[in-house]
Amino acid sequence: IEHRPAFAEAHVGLGNLRHAERHLAEAAASYRRAIAIDAHFVEAHCNLGHVLVLTGESAAALAAYDAALALDPEHAEARWARVMGRIAPVRAADEEPGRARAAFAADLEYYVGRPVTTQEIGEAEDWQLDHPGADLSEYVDEMKRIGELR
């Protein structure tokens with residue numbers, strides 16, 4: 001960063017380091033600097049969202065995920081994080097996206113009444129994106145009604 005301050009990837013790398021060290025304000029600042037340098041840097045937007053979840057800034061986190069998805073609608077990590085945000089306003093501020101994903105799968109299994117496949121989890125994720133604010137039980141009820149889920 002000292003030699004190439006306009007190198008966005010370096011700021012994301014520093015943000016990742018600060019995030020891992022739990023220096024969340026510093027991590028967010030690094031991701032924001034990367035975005036200021038390169039507004040099309042999807043990873044910077046997504047990682048900023050992750051940090052904002054941890055600081056309890058759910059609305060700002062969702063906006064960061066939306067920005068990432070506007071740049072890359074198929075970005076799996078941002079899609080998942082955005083779905084989790086719609087399900088619970090990002091579960092709890094202390095949960096990492098991986099833990100939130102496991103909680104989502106557990107919720108889906110509860111409503112379905114059996115273990116679910118990765119494909120079923122992905123389909124539930126897509127449905128949540130298309131039905132903002134809807135409850136997961138509504139998805140399960142609809143899929144059972146049309147015979148897509150047993």
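Conventions and cut-offs
Residues numbered from 1 in each chain as written. Predicted model: local features only at pLDDT ≥ 70, side-chain atom pairs only at ≥ 80, totals over all residues. Heavy atoms only, no water. Phe/Tyr/Trp six-rings, centres within 6.5 Å; stacked < 30°, edge-to-face > 60°. Lys NZ or Arg CZ within 6 Å of the ring centre and 35° of its normal. Helix = DSSP H or I, 4+ residues; strand = E, 2+ residues; numbered from the N terminus. Expected span 1.5 Å × (residues − 1). Contact = heavy atoms within 4.5 Å. Axes fitted to C-alpha atoms, helices over the stretch in contact; angles between N-to-C directions. Parallel < 35°, antiparallel > 145°, perpendicular 65-115°, else oblique. Left-handed = near helix turned anticlockwise from the far one by under 90°. Nonpolar A, V, L, I, M, F, W, Y, C, P; charged D, E, K, R; others polar. pLDDT = per-residue confidence, 0-100. Salt bridge = Lys/Arg side-chain N within 4 Å of Asp/Glu carboxyl O. Buried < 20%, exposed > 50% of the residue type's maximum accessible area, 1.4 Å probe, protein only.

Draft legend 1. Focus on the packing of aromatic side chains. What the rule picks out here adds up to zero aromatic pairs. Sitting over the ring of Phe-7, Arg-4 keeps its end group 4.3 Å from the ring centre.

Draft legend 2. Expanded view of helix α2 (residues 24-37). Between the first and last C-alpha of α2 there are 20 Å, a value that for 14 residues agrees with the 20 Å anticipated at 1.5 Å per step. Looking at the packing, one finds that the buried side of α2 touches α1 (8-20) and α3 (42-54).

Draft legend 3. A look at the side chain of Glu-120. Take Glu-120: it is sitting in helix α7 (residues 118-130). The contacts of Glu-120, once residues within four sequence positions are left out, are Leu-108, Arg-114, Pro-115, Tyr-139 and Leu-149.

Draft legend 4. Representation of the packing of α1 against α2 in the model. Between α1 and α2, whose axes approach to 8 Å, the crossing angle comes to 165 degrees. Viewed along their axes, α1 and α2 adopt a mutual orientation that is roughly antiparallel. Note that α1 runs across α2; the crossing there is left-handed. For the pair α1 and α2, contact is made by Ala-8, His-11, Val-12, Leu-14, Gly-15, Asn-16, Arg-18 and His-19 and by Leu-24, Glu-26, Ala-27, Ser-30, Tyr-31, Arg-33, Ala-34 and Ile-37, respectively. Residue classes in the contact of α1 with α2 are distributed as eight nonpolar, five polar and three charged.

Draft legend 5. Up close: the confidence of the model for the protein. Considering every residue of the protein, the mean pLDDT works out to 82; 86% of them sit at 70 or more. Highest mean pLDDT in the protein belongs to α2 (97); lowest belongs to helix α5 (residues 76-87) (70). In this model residues 89-94 is a low-confidence stretch, pLDDT under 50, and it forms 18 contacts with partners more than four residues away in sequence or in other chains.

Draft legend 6. Just the pattern of salt bridges, in detail. According to the stated counting rule, one finds four salt bridges in the structure shown. The salt bridge involving Glu-26 is made with Arg-18; its shortest N-O contact spans 2.9 Å. Judged by relative accessible area, which is 24%, Arg-18 ranks as partly exposed. Here Arg-114 ties to Glu-120 by a salt bridge, and the two come within 2.7 Å at their closest N and O atoms. Owing to a relative accessible area of 14%, Glu-120 belongs among the buried residues under this scheme.

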